[in-house]
Every structure is written in C-alpha cells, then in structure tokens.
Amino acid sequence: MSLKDKVAIIGMGMTKFGENFEMSYSDMMVEACFEAFADANVGPQEIQAANSVDVGDLRDPQGRVSESAITAIAEAIAPIINDRTLIVVSSSFTHYGTDYGNRPFAENILENIAHLDRLAFEQILAMNIRGFRAYLEETRNVIDGKECIQILMKLLPKRTQARLLAYEASAALTGDTN
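Being a predicted model, the structure only gives us computed values, none of them experimental. (Residues numbered from 1 in each chain as written. Predicted model: local features only at pLDDT ≥ 70, side-chain atom pairs only at ≥ 80, totals over all residues. Heavy atoms only, no water.)

## Digging into the overall build of the chain
Thinking step 1. Looking only at helices and strands, the chain has 6 helices and 0 strands in total.
Thinking step 2. The N-to-C order of helical and strand elements in the chain reads α-α-α-α-α-α.
Thinking step 3. Within the chain, the proportion of its 178 residues that are buried is 26%.
Thinking step 4. For the chain, the computed accessible surface area is about 12400 Å², with 52% contributed by carbon and sulfur atoms. (Helix = DSSP H or I, 4+ residues; strand = E, 2+ residues; numbered from the N terminus. Buried < 20%, exposed > 50% of the residue type's maximum accessible area, 1.4 Å probe, protein only. Areas by Shrake-Rupley, 256 points an atom, 1.4 Å probe, with all protein chains shown as cover.)

This is how it looks when you write it as structure tokens:
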C-alpha cells in the first residue's frame, strides 16, 4: 500500500515553551524532531531521508507575501517530494502581548486567544488557503510560520483530510499574557 495522496502524522514534537535564547534554530529543530521520533516510537535510524527548508523572508516592500510567492516555493519543493517524504511545518499561533505588538483584547485573554486560533484552524483544516489569507488580513493575528503553513497546504494532495490532534496555548501553560 502506497502513501501517495495520503498524509499521516505518526509523531509530534516541539521545543519547550518559553524563551529559548540559548538554542539555535537548528538546536530547536533537532529537539523537536527527536521528540517526534519518541512520540512515533521510531529511531532516527529508521528515517531514510530528511530535508530542511528555511523559507526566510518572503515579504514584498509593503510587508505582504503574495500567494504567487507561496505557489512558486511549493512548486520548487514539489519535485523532491515522494510517497516516503515527511514534511514538518512548525508554527506558533497567536503571539499575544506587548512584546509582539498584538493586544487586540484586554479581557478573557486566554479564551480570546483560543477563539482566534480556532478561526485560523478552521481555514487550515478546510485546506482553504484563500480563507486563511483572508483571516490573516482581517485579524492581523501574529502567527509565525503562516507562510510555511500555506506552502504545506499547496503541497498536500487535494483530497487531504486534515485534523487537529491536540491544542495548547502557551499562555495557558506559562500564565504569561503580558
């Protein structure tokens, strides 16, 4: 049986919540990968190939990333993907607080963060790139990795059925709503 036109997330991993200033980008990626290996109950020796793509800054002079730029990157990556390719996209949703220039509400902060996240998840789970882009434009929500999410959505087969497996807001875990 082939995994062609199917996607399976067999393990998930992430870096610890909080400020990871002592870690490089590569350190954080390695930590998250080993967490995912442990979660999937596989060892690194069972992974036949891995590839990391750091998308970088895709913004135009107005600070926006066009859908055509997203499409171009997806088209550039697509030829190296096969039915044994694991694509990992990492993102944090709703960076809230003064440090991020994002304080759209002052009351019921945790509930409102969860609401903003759910609105984004609805578009992503529906594989609706234009809906996700409209959500970002309308809410001005600060989501790192938003471009990578869109690239992944472009790369996934049209019949992909996405599901949210778990959700945690770091503000709920840390209590930091500065």
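## Details of helix α4 (residues 129-139)
Thinking step 1. Every buried residue of α4 is accounted for by Ile-129, Gly-131, Phe-132, Tyr-135 and Leu-136. The arc enclosing the buried residues of α4, seen along the axis, measures out at 165 degrees, which places them on a common side. Among the exposed residues of α4, those oriented more than 90 degrees off its buried face are Arg-130 and Glu-138.
Thinking step 2. As for α4, its buried residues are in contact with α2 (67-77), α3 (109-125) and α5 (146-155).
Thinking step 3. The opening residue of α4, the one whose side-chain oxygen lies 3.4 Å from the backbone nitrogen of Arg-130, is Asn-128.
Thinking step 4. The first or second residue beyond α4 is Arg-140, which carries a positive phi of 55 degrees. (Arc of directions from axis to C-beta. Contact = heavy atoms within 4.5 Å. Polar contact = N/O pair within 3.5 Å; in protein donor to acceptor, adjacent residues only side chain to side chain.)

## So, unusual backbone geometry
Thinking step 1. In this model, Thr-94 sits at a positive phi of 45 degrees, which is unusual for a non-glycine residue.
Thinking step 2. Here Thr-94 lies in the loop between α2 and α3.
Thinking step 3. Here the phi dihedral of Arg-140 falls at roughly 55 degrees; this positive angle occurs in a residue that is not glycine.
Thinking step 4. In this fold, Arg-140 is placed in the loop between α4 and α5.

## Considering a nonpolar patch on the surface
Thinking step 1. A cluster of nonpolar residues, Leu-125, Leu-164 and Tyr-167, forms a patch on the protein surface that exposes about 230 Å² of accessible area.
Thinking step 2. Structurally, the position occupied by Leu-125 is in helix α3.
Thinking step 3. The partly exposed category is assigned to Leu-125, whose relative accessible area is 32%. (Patch = residues over 30% accessible without salt bridge, like charges linked within 9 Å, V, L, I, M, F, W, Y side chains within 5 Å. Salt bridge = Lys/Arg side-chain N within 4 Å of Asp/Glu carboxyl O.)

## What about the pattern of salt bridges?
Thinking step 1. Within this structure, the stated rule accounts for 3 salt bridges.
Thinking step 2. Because the salt bridges share partners, they merge into one network encompassing Glu-67, Arg-130 and Lys-154.

## Some details on the packing of aromatic side chains
Thinking step 1. Enumeration over the complete set of coordinates arrives at 5 aromatic pairs.
Thinking step 2. Aromatic pair Phe-34 and Phe-37: ring centres 5.4 Å apart, planes at 75 degrees, arrangement edge-to-face. Of this pair, Phe-34 and Phe-37 both sit in helix α1 (residues 25-40), 3 residues apart, which is roughly one turn of that helix.
Thinking step 3. With centroids separated by 5.5 Å and ring planes inclined at 80 degrees, the aromatic side chains of Phe-121 and Tyr-167 adopt a geometry described as edge-to-face. With Phe-121 in helix α3 and Tyr-167 in the loop between α5 and α6 (170-174), the pair connects residues that are 46 residues apart, well separated along the chain.
Thinking step 4. Among the aromatic residues, those joined into a ring-pair cluster are Phe-93, Phe-121 and Tyr-167. (Phe/Tyr/Trp six-rings, centres within 6.5 Å; stacked < 30°, edge-to-face > 60°.)

## Some points on the packing of α3 against α4
The packing of two helices is summarised by the inter-axis angle and the distance between the axes.
Thinking step 1. Contact geometry for α3 and α4: axes closest at 8 Å, N-to-C directions at 155 degrees. As judged from the angle between their axes, α3 and α4 are roughly antiparallel. Where α3 crosses over α4, the handedness of that crossing is right-handed. Judged by residue contacts, Leu-116, Asp-117, Leu-119, Ala-120, Gln-123 and Ile-124 of α3 engage Gly-131, Phe-132, Tyr-135 and Thr-139 from α4.
Thinking step 2. Residues of the contact of α3 with α4, tallied by class, amount to 6 nonpolar, 3 polar and 1 charged. (Axes fitted to C-alpha atoms, helices over the stretch in contact; angles between N-to-C directions. Parallel < 35°, antiparallel > 145°, perpendicular 65-115°, else oblique. Left-handed = near helix turned anticlockwise from the far one by under 90°. Nonpolar A, V, L, I, M, F, W, Y, C, P; charged D, E, K, R; others polar.)

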